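Residue-level listing of the chains:
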Amino acid sequence: MAQVSVNFLANFKASKVVKHVLTIASSSEQAQSPLRQIFDKCKVTEPEWFHNVLGDLTAQSQGVKTVDFMLPSKQEGEPMVKFVVAVLPTSCSRHNTQSRAHAVSGVVKANKGTGDSVIVISPNTPDVAFAQACAVGRNFPQFNMKAAALQQQ
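Residues numbered from 1 in each chain as written. Predicted model: local features only at pLDDT ≥ 70, side-chain atom pairs only at ≥ 80, totals over all residues. Heavy atoms only, no water.

> It is not clear to me how the overall build of the chain should be interpreted in this structure. Could you clarify?
A count of helices and strands for the chain gives 5 helices and 4 strands. Along the chain direction, N to C, the helices and strands of the chain fall in the order β-α-α-β-β-α-β-α-α. The buried share of the chain, taken over its 153 residues, is 34%. The contacts of the chain with a sequence gap of at least 6 include a subset with a gap of at least 24, amounting to 65%. (Helix = DSSP H or I, 4+ residues; strand = E, 2+ residues; numbered from the N terminus. Buried < 20%, exposed > 50% of the residue type's maximum accessible area, 1.4 Å probe, protein only. Contact = heavy atoms within 4.5 Å.)

As C-alpha coordinates, then:
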(Lines give C-alpha, C1' and ligand atoms only; values in the text may rest on other atoms or scores of the structure.)
Protein backbone atom coordinates (compact mmCIF):
# COMPACT_ATOMS: atom_id res chain seq x y z
CA MET A 1 0.00 0.00 0.00
CA ALA A 2 1.26 3.47 -0.85
CA GLN A 3 2.48 5.71 1.95
CA VAL A 4 0.76 9.05 2.42
CA SER A 5 2.47 11.91 4.21
CA VAL A 6 1.33 15.46 4.88
CA ASN A 7 3.81 18.35 5.04
CA PHE A 8 3.69 22.10 5.14
CA LEU A 9 5.16 23.62 2.01
CA ALA A 10 7.87 25.46 3.95
CA ASN A 11 9.17 22.11 5.28
CA PHE A 12 8.73 20.15 2.05
CA LYS A 13 11.75 18.23 0.84
CA ALA A 14 11.41 15.84 -2.06
CA SER A 15 12.51 12.58 -0.43
CA LYS A 16 11.74 10.60 -3.56
CA VAL A 17 11.47 11.44 -7.22
CA VAL A 18 8.35 13.53 -7.77
CA LYS A 19 6.35 12.56 -10.85
CA HIS A 20 3.10 14.42 -10.32
CA VAL A 21 2.22 17.78 -8.74
CA LEU A 22 -1.37 18.93 -8.17
CA THR A 23 -1.97 22.51 -6.99
CA ILE A 24 -5.44 23.57 -5.86
CA ALA A 25 -6.20 27.26 -5.21
CA SER A 26 -9.04 29.75 -5.17
CA SER A 27 -7.32 31.87 -7.81
CA SER A 28 -4.42 31.54 -10.22
CA GLU A 29 -2.49 34.18 -8.26
CA GLN A 30 -2.61 31.99 -5.14
CA ALA A 31 -1.22 29.04 -7.11
CA GLN A 32 1.86 30.83 -8.47
CA SER A 33 3.95 31.17 -5.31
CA PRO A 34 3.58 27.53 -4.17
CA LEU A 35 4.31 26.30 -7.68
CA ARG A 36 7.51 28.31 -7.85
CA GLN A 37 8.64 26.72 -4.57
CA ILE A 38 7.83 23.25 -5.92
CA PHE A 39 9.74 24.04 -9.14
CA ASP A 40 12.83 24.74 -7.04
CA LYS A 41 12.46 21.64 -4.87
CA CYS A 42 11.79 19.33 -7.86
CA LYS A 43 14.62 20.83 -9.91
CA VAL A 44 12.35 22.16 -12.65
CA THR A 45 13.07 25.37 -14.55
CA GLU A 46 10.13 27.76 -14.70
CA PRO A 47 9.08 28.18 -18.35
CA GLU A 48 8.65 31.60 -19.96
CA TRP A 49 4.97 30.96 -20.70
CA PHE A 50 4.12 30.00 -17.11
CA HIS A 51 2.77 33.41 -16.02
CA ASN A 52 0.64 33.80 -19.17
CA VAL A 53 -0.97 30.36 -18.85
CA LEU A 54 -1.88 30.88 -15.20
CA GLY A 55 -3.12 34.40 -16.00
CA ASP A 56 -5.66 32.87 -18.39
CA LEU A 57 -6.83 30.44 -15.69
CA THR A 58 -9.71 32.25 -14.02
CA ALA A 59 -12.27 30.96 -11.56
CA GLN A 60 -15.74 30.23 -12.91
CA SER A 61 -19.02 30.39 -11.03
CA GLN A 62 -19.69 26.70 -11.73
CA GLY A 63 -17.13 23.93 -11.86
CA VAL A 64 -13.39 23.68 -11.41
CA LYS A 65 -11.08 24.95 -14.12
CA THR A 66 -7.77 23.12 -14.60
CA VAL A 67 -4.69 23.31 -16.75
CA ASP A 68 -2.04 20.61 -16.94
CA PHE A 69 1.44 20.56 -18.43
CA MET A 70 4.64 18.52 -18.31
CA LEU A 71 8.06 20.02 -17.68
CA PRO A 72 11.55 18.53 -17.88
CA SER A 73 13.24 17.83 -14.57
CA LYS A 74 16.81 17.41 -13.41
CA GLN A 75 15.81 14.76 -10.85
CA GLU A 76 17.58 11.43 -11.08
CA GLY A 77 15.51 8.81 -12.89
CA GLU A 78 12.57 11.03 -13.83
CA PRO A 79 12.99 13.26 -16.87
CA MET A 80 9.46 14.75 -16.78
CA VAL A 81 7.12 16.02 -14.05
CA LYS A 82 3.39 16.48 -14.67
CA PHE A 83 1.83 19.59 -13.13
CA VAL A 84 -1.91 20.18 -12.73
CA VAL A 85 -3.20 23.55 -11.54
CA ALA A 86 -6.85 23.75 -10.46
CA VAL A 87 -8.86 26.86 -9.62
CA LEU A 88 -11.92 26.30 -7.46
CA PRO A 89 -15.35 27.71 -8.40
CA THR A 90 -16.36 31.12 -7.06
CA SER A 91 -19.83 30.07 -5.90
CA CYS A 92 -21.32 27.00 -4.31
CA SER A 93 -24.85 25.75 -3.77
CA ARG A 94 -26.62 26.04 -0.45
CA HIS A 95 -25.84 22.34 0.20
CA ASN A 96 -22.08 22.77 -0.09
CA THR A 97 -19.71 24.49 2.32
CA GLN A 98 -17.70 27.65 1.71
CA SER A 99 -14.52 25.55 1.79
CA ARG A 100 -15.55 23.96 -1.52
CA ALA A 101 -14.34 20.62 -0.17
CA HIS A 102 -16.63 18.85 -2.65
CA ALA A 103 -14.71 20.45 -5.53
CA VAL A 104 -11.32 19.73 -3.92
CA SER A 105 -12.21 16.05 -3.53
CA GLY A 106 -13.34 15.83 -7.15
CA VAL A 107 -10.17 17.45 -8.46
CA VAL A 108 -7.92 15.15 -6.44
CA LYS A 109 -9.87 12.05 -7.49
CA ALA A 110 -9.61 13.01 -11.17
CA ASN A 111 -5.94 14.07 -11.09
CA LYS A 112 -4.12 12.15 -8.34
CA GLY A 113 -2.14 10.08 -10.81
CA THR A 114 0.00 7.09 -9.95
CA GLY A 115 3.19 6.94 -7.97
CA ASP A 116 4.56 9.67 -5.76
CA SER A 117 2.49 12.85 -5.91
CA VAL A 118 2.67 16.25 -4.28
CA ILE A 119 -0.67 17.93 -3.61
CA VAL A 120 -0.55 21.60 -2.67
CA ILE A 121 -3.65 23.30 -1.29
CA SER A 122 -3.65 27.08 -1.19
CA PRO A 123 -6.85 28.11 0.63
CA ASN A 124 -7.97 31.72 0.50
CA THR A 125 -8.66 31.80 4.27
CA PRO A 126 -7.16 29.73 7.11
CA ASP A 127 -10.56 28.56 8.39
CA VAL A 128 -11.15 26.37 5.31
CA ALA A 129 -7.70 24.71 5.30
CA PHE A 130 -8.71 21.79 7.54
CA ALA A 131 -11.82 20.97 5.48
CA GLN A 132 -9.83 21.07 2.24
CA ALA A 133 -7.09 18.87 3.73
CA CYS A 134 -9.72 16.33 4.81
CA ALA A 135 -11.17 16.38 1.30
CA VAL A 136 -7.75 15.47 -0.09
CA GLY A 137 -7.27 12.73 2.51
CA ARG A 138 -10.56 11.04 1.62
CA ASN A 139 -9.06 10.13 -1.75
CA PHE A 140 -6.26 8.10 -0.14
CA PRO A 141 -8.02 5.60 2.15
CA GLN A 142 -5.84 3.46 4.42
CA PHE A 143 -8.56 0.93 5.31
CA ASN A 144 -9.22 -2.04 3.02
CA MET A 145 -11.68 -4.84 3.79
CA LYS A 146 -10.59 -7.15 0.93
CA ALA A 147 -9.31 -10.57 1.96
CA ALA A 148 -6.14 -10.24 -0.13
CA ALA A 149 -5.21 -7.05 1.68
CA LEU A 150 -5.70 -8.72 5.08
CA GLN A 151 -3.36 -11.56 4.12
CA GLN A 152 -0.59 -9.11 3.13
CA GLN A 153 -0.61 -7.52 6.60
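The rest of the description comes next.
> Just to check I follow, could you spell out the packing of aromatic side chains for this structure?
Across all of its chains, the model carries 4 aromatic pairs by this definition. Here the aromatic rings of Phe 39 and Phe 50 are separated by 5.2 Å at their centres, their planes lie at 65 degrees, and the arrangement is edge-to-face. One end of the pair, Phe 39, is in helix H1 (residues 28–41); the other, Phe 50, is in helix H2 (residues 50–56), and 11 residues separate them in sequence. Phe 50 shares its class with Phe 39; the two are buried. Ring geometry for Trp 49 and Phe 69: centres 5.3 Å apart, planes at 90 degrees, overall edge-to-face. Of this pair, Trp 49 sits in the loop between H1 and H2 while Phe 69 sits in strand S2 (residues 65–75), placing them 20 residues apart in sequence. On the basis of relative accessibility, which here comes to 37%, the residue Trp 49 falls in the partly exposed class. An aromatic cluster is built from Phe 39, Trp 49, Phe 50, Phe 69 and Phe 83, whose rings are joined through pairwise contacts. (Phe/Tyr/Trp six-rings, centres within 6.5 Å; stacked < 30°, edge-to-face > 60°.)

> I keep staring at H1 and nothing clicks. Help me out?
In an α-helix, one full turn covers 3.6 residues, which means residues spaced three or four apart are oriented alike. For H1, which comprises 14 residues, the first-to-last C-alpha distance of 20 Å matches the rise-based estimate of 20 Å (1.5 Å per residue) to within 8%. Along H1, the residues that are buried comprise Ser 28, Ala 31, Gln 32, Pro 34, Leu 35, Ile 38 and Phe 39. Lys 43 sits one or two positions beyond H1 and adopts a positive phi of about 60 degrees. (Expected span 1.5 Å × (residues − 1).)

> Can you help me understand the pattern of salt bridges in this one?
Counted by the stated rule, this structure contains 2 salt bridges. Note that Arg 36 is salt-bridged to Glu 46, the shortest N-O span being 2.9 Å. Here Arg 36 is found in helix H1, whereas its partner Glu 46 is found in the loop between H1 and H2, with 10 residues between them in sequence. What makes Arg 36 partly exposed here is its relative accessible area of 32%. Ionic pairing is found between Asp 68 and Lys 82, a salt bridge with its closest N-O pair at 3.8 Å. Of the two residues, Asp 68 sits in strand S2 while Lys 82 sits in strand S3 (residues 78–87), which places them 14 residues apart along the sequence. Judged by its relative accessible area of 48%, Asp 68 falls in the partly exposed class. (Salt bridge = Lys/Arg side-chain N within 4 Å of Asp/Glu carboxyl O.)

> I'm lost on the environment of Ser 33 in this one. Help?
Along the chain, Ser 33 falls in helix H1. Residues Ser 33 and Ser 122, 89 residues apart in the sequence, show an inter-C-alpha distance of 9.6 Å.

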